[in-house]
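# Fold and contact review
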Amino acid sequence: MPRPLILASGSEIRQQLLRNAGLDFEVVKPRMDEDAIKAALLAEGTSPRDLADALAEGKAVKVSGKRPGALVLGCDQVLEFEGRVFSKPESPEEARAQIAELRGGRHRLLSAAVIAENGKPIWRHVGTVRLQMRDVSDAWLDGYVARNWESIRHSVGGYKLEEEGVRLFTRIEGDYFTVLGLPLLELLAYLVDTGDIDA
């Protein structure tokens, strides 16, 4: 008997990816101070990979404890550039500054997914993608942020590859779904193996 699936995230793109894959799920946003947890983990010297994993686990476990018997999927994405972790920009100026710092260079996106059941994690995966950013002009960058702020404000690094942000890049090494914030192929493989979805 397939277990109910709950997405512990308000992310529109993650919901869309799951819907497009034909999955039935419910959305329950976890109530947690993500910024405070992130700051504490970074202060302890947590690696970008472990940071993404810990935040995804926190979301999954938080919701799972209140929904026994369901599979709760928590996700998080971290951008790492030269040893520093970037967050979602708070303003158009911050988005522009982030992209200006990343342009011409190479950075990593780490997308973590954790499934919890009855308050305990039972599966996890962290996907990594390496991206080479084009050295775009100041004028194009100004226009890009102005045109896309309402969309890119929800994205670490201040860009969305699935939209005009694709023009920022010359090379991408890794899985497209991982760039979007969900290692979908690995998640589907797990759900097939457990019999929670048909294949």
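Located above this text is the structure these notes cover.
What counts, and where the lines are drawn
Residues numbered from 1 in each chain as written. Predicted model: local features only at pLDDT ≥ 70, side-chain atom pairs only at ≥ 80, totals over all residues. Heavy atoms only, no water. Buried < 20%, exposed > 50% of the residue type's maximum accessible area, 1.4 Å probe, protein only. Helix = DSSP H or I, 4+ residues; strand = E, 2+ residues; numbered from the N terminus. Pairing = 2+ DSSP bridges. Salt bridge = Lys/Arg side-chain N within 4 Å of Asp/Glu carboxyl O.

It is worth spelling out the pairing of strand β3 (residues 71-81) at this point. Taken across its 11 residues, β3 has 11 buried, putting it largely inside the fold. The two faces of β3 match: Leu71, Leu73, Cys75, Gln77, Leu79 and Phe81 on one face and Val72, Gly74, Asp76, Val78 and Glu80 on the other face are all buried. Examined bridge by bridge, strand β1 (residues 5-7) and β3 share 3 bridges and lie parallel to one another. Note that in β3 the partner of Leu7 across the bridge is Leu73. As defined by bridge partners, β3 adjoins strand β5 (residues 106-117) across 9 bridges and the pair is classed as antiparallel. Bridged to Val78 within β5 is Leu110. One ladder, built from 3 bridges, connects β3 with strand β4 (residues 84-86); its direction is antiparallel. Opposite Phe81, over in β4, you have Arg84 as the bridge partner.

The next subject is the pattern of salt bridges. What the rule picks out here adds up to 17 salt bridges. For Lys59, the salt bridge is made with Glu34, and the minimal N-O distance between the two is 3.5 Å. Of this pair, Lys59 sits in helix α3 (residues 48-64) while Glu34 is found in helix α2 (residues 34-43), placing the two residues 25 residues apart along the sequence. Exposure remark for Glu34: the relative accessible area of 30% places this residue in the partly exposed category.

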